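Listed below are the residues making up each chain.
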Amino acid sequence: QVQLVESGGGLVQPGGSLKLSCVASGSIFNIHKMGWYREAPEKQRELVALTDLDGNTNYADSVKGRFTASRDNAKNTVNLQMNSLTPEDTAVYYCNAVGVLTLQGMLDYWGKGTRVTVSS
């Protein structure tokens, strides 16, 4: 059974920084893409950053230059360093793993989410 567990959310003032972490556990051979989505109140879930096995990351335009994703394929972890946070970044952030290969086949998985609140 594959599980994604996020950590690192919380309350931060505008202009501040937070680092989110996600670890995928289970009998995993590899993960095609791993990264983050977010869902703000009354908005649809949107891509934040998604990194492939080669380390190439696709960022949302709204976070380019402020957020940096880093992935460790050997440890099945992905981090999201978030700088210069604004209230518009307030959301529940979900870890996403695409194309997780196990003995049971290949599936996609989601974490339960971690809340980030940017407020003074």
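Residues numbered from 1 in each chain as written. Predicted model: local features only at pLDDT ≥ 70, side-chain atom pairs only at ≥ 80, totals over all residues. Heavy atoms only, no water.

**Student:** If you had to explain the overall build of the chain to someone new, which residues and values would you point to?
**Tutor:** When helices and strands are tallied, the chain shows zero helices and 11 strands. Along the three orthogonal principal directions, the C-alpha set of the chain runs to about 45 × 25 × 20 Å. Residues classed as buried in the chain amount to 43% of the 120 residues present. Counting contacts in the chain only where the partners sit at least 6 residues apart, residues at least 24 apart contribute 55% of the total. As presented, the chain carries roughly 6,700 Å² of accessible surface, and 47% of it is formed by carbon and sulfur atoms. (Helix = DSSP H or I, 4+ residues; strand = E, 2+ residues; numbered from the N terminus. Buried < 20%, exposed > 50% of the residue type's maximum accessible area, 1.4 Å probe, protein only. Contact = heavy atoms within 4.5 Å. Areas by Shrake-Rupley, 256 points an atom, 1.4 Å probe, with all protein chains shown as cover.)

**Student:** Tell me about the state of the cysteines, and please be specific about residues and values.
**Tutor:** The term disulfide refers to a covalent linkage connecting the sulfur atoms of a pair of cysteines. Throughout the structure, instances matching the rule amount to one disulfide. For Cys22, the disulfide goes to Cys95, at an S-S distance of 2.0 Å. Its S-S torsion of about -85° marks the bond between Cys22 and Cys95 as left-handed, since a negative value means left-handed. In this pair, Cys22 is assigned in strand 3 (residues 18–25) and Cys95 in strand 9 (residues 91–102), connecting sequence segments 73 residues apart. For the pair shown, Cys22 and Cys95 are each scored as buried. (Disulfide = S-S within 2.5 Å.)

**Student:** Give a description of the sheet that holds strand 8 (residues 77–82) that names residues and reports values.
**Tutor:** Pairing is antiparallel across the open sheet formed by four strands, whose spatial order is 1-3-8-7. Both outer strands of the open sheet, strand 1 (3–7) and strand 7 (67–72), are each paired with one neighbouring strand and no more. Averaged over all pairs of adjacent strands, the angle between strand axes in this sheet comes to 15°, irrespective of strand direction. Inspection of the sheet shows strand 1 paired to strand 3 by five bridges, in the antiparallel sense. (Pairing = 2+ DSSP bridges. Axes fitted to C-alpha atoms, helices over the stretch in contact; angles between N-to-C directions.)

**Student:** Could you give me a rundown of the pattern of salt bridges, with the residues and numbers involved?
**Tutor:** For the structure shown, the criterion picks out five salt bridges. As a salt-bridge pair, Asp89 and Arg66 come within 2.8 Å of each other at their nearest N and O atoms. Of this pair, Asp89 sits in the loop between strand 8 and strand 9 while Arg66 sits in the loop between strand 6 (57–59) and strand 7, and the two are 23 residues apart along the sequence. In this structure, Asp89 and Arg66 share a single accessibility class: buried. (Salt bridge = Lys/Arg side-chain N within 4 Å of Asp/Glu carboxyl O.)

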